[in-house]
Amino acid sequence: MRDKLYNFFIGGKRFEKEFKKQVRLLIVLTLGFTIAFTWRQTLFDVSQALVQLIIDVKGSTSLSILTSTFITIVSIIIIYLTSHFLKENKENY
C-alpha cells in the first residue's frame with residue numbers, strides 16, 4: 001500500500017513519462033514563442049510597407065493602426081481557412 005501511494009504521489013514510470021512529455025512541450029512552446037517574437041518586428045515592418053504602398057498615410061499613429069488592422073484581418077482569414085480545411089468529418093465521430 002505504501003509503495004502504491006508513493007508511486008501515485010511522488011513518482012513512478014507513468015509519472016516520469018508524463019513529466020518528460022510536459023518538459024518537452026514546455027521547451028517547444030518556449031522556442032516557438034521566441035521564434036514568433038523575433039519575427040514580430042519584421043512582419044510588422046513588411047506589412048507596414050505594404051499598407052503604406054496601398055494607402056498614402058502621413059501620420060505614424062494612423063499607419064501603425066492600419067498596419068495592425070491589416071495584420072489582424074489577414075490572421076483571421078488564415079485561422080478561418082486553416083480551421084475549415086483541417087476540420088474532421090462528422091463520420092469520424
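Note that the coordinates shown come from a computational prediction; the quantities given were computed from them, not determined experimentally.

Enquirer: Got a minute to help me understand the overall build of the protein in this structure?
Expert: Broken down by element type, the protein carries 3 helices and 0 strands. Counting from the amino terminus, the protein carries its helices and strands in the arrangement α-α-α. In the protein, which comprises 93 residues, the proportion classed as buried is 9%. With the model as given, the accessible surface of the protein reaches about 8900 Å², and the carbon-plus-sulfur share is 68%.

Enquirer: Would you explain the confidence of the model for the protein in this entry?
Expert: Low-pLDDT stretches of the model should not have their predicted coordinates read in fine detail. Overall, the predicted model of the protein reaches an average pLDDT of 87, with 83% of residues at or above 70. Looking at the elements of the protein, mean pLDDT is at its lowest for helix α1 (residues 2-9), recorded as 66, and at its highest for helix α3 (residues 60-86), recorded as 94.

Enquirer: Looking at this model, I keep getting lost on a positive patch on the surface. Mind explaining?
Expert: A cluster of basic residues, Lys17, Lys20, Lys21 and Arg24, forms a positive patch on the protein surface. In this structure Arg24 comes out as exposed when scored by relative accessible area, which is 52%.

Enquirer: For this particular structure, what's the right way to read the pattern of salt bridges?
Expert: When the charged atoms of two side chains lie near each other, side chains of opposite charge can form a pair. Applying the stated criterion across every chain, the model contains 1 salt bridge. Ionic pairing is found between Asp56 and Lys58, a salt bridge with its closest N-O pair at 3.4 Å. Each of the two residues, Asp56 as well as Lys58, counts as exposed.

Enquirer: Can you help me understand the packing of aromatic side chains in this one?
Expert: Two aromatic rings, taken as a pair, are described by how far apart their centres are and by the angle between their planes. In this structure the tally under the stated criterion is 1 aromatic pair. Relative to Phe37, the ring of Phe33 lies with its centre 6.2 Å away and its plane at 20 degrees, an arrangement referred to as stacked. In this pair, Phe33 and Phe37 both sit in helix α2 (residues 13-54), 4 residues apart, roughly one turn of the helix. On the accessibility criterion, Phe33 (59% relative accessible area) is exposed.

Enquirer: Honestly, the side chain of Ser47 in this entry has me stumped. Any pointers?
Expert: Take Ser47: it is sitting in helix α2. According to the relative accessible area criterion, Ser47 is buried, its value standing at 7%. A polar contact is formed between the side chain of Ser47 and the backbone oxygen of Leu43, at a distance of 2.9 Å.

Rules used throughout
- Residues numbered from 1 in each chain as written.
- Predicted model: local features only at pLDDT ≥ 70, side-chain atom pairs only at ≥ 80, totals over all residues.
- Heavy atoms only, no water.
- Helix = DSSP H or I, 4+ residues; strand = E, 2+ residues; numbered from the N terminus.
- Buried < 20%, exposed > 50% of the residue type's maximum accessible area, 1.4 Å probe, protein only.
- Areas by Shrake-Rupley, 256 points an atom, 1.4 Å probe, with all protein chains shown as cover.
- pLDDT = per-residue confidence, 0-100.
- Patch = residues over 30% accessible without salt bridge, like charges linked within 9 Å, V, L, I, M, F, W, Y side chains within 5 Å.
- Salt bridge = Lys/Arg side-chain N within 4 Å of Asp/Glu carboxyl O.
- Lys, Arg positive; Asp, Glu negative; His and termini not counted.
- Charge placed at Lys NZ, Arg CZ, Asp CG, Glu CD.
- Phe/Tyr/Trp six-rings, centres within 6.5 Å; stacked < 30°, edge-to-face > 60°.
- Polar contact = N/O pair within 3.5 Å; in protein donor to acceptor, adjacent residues only side chain to side chain.

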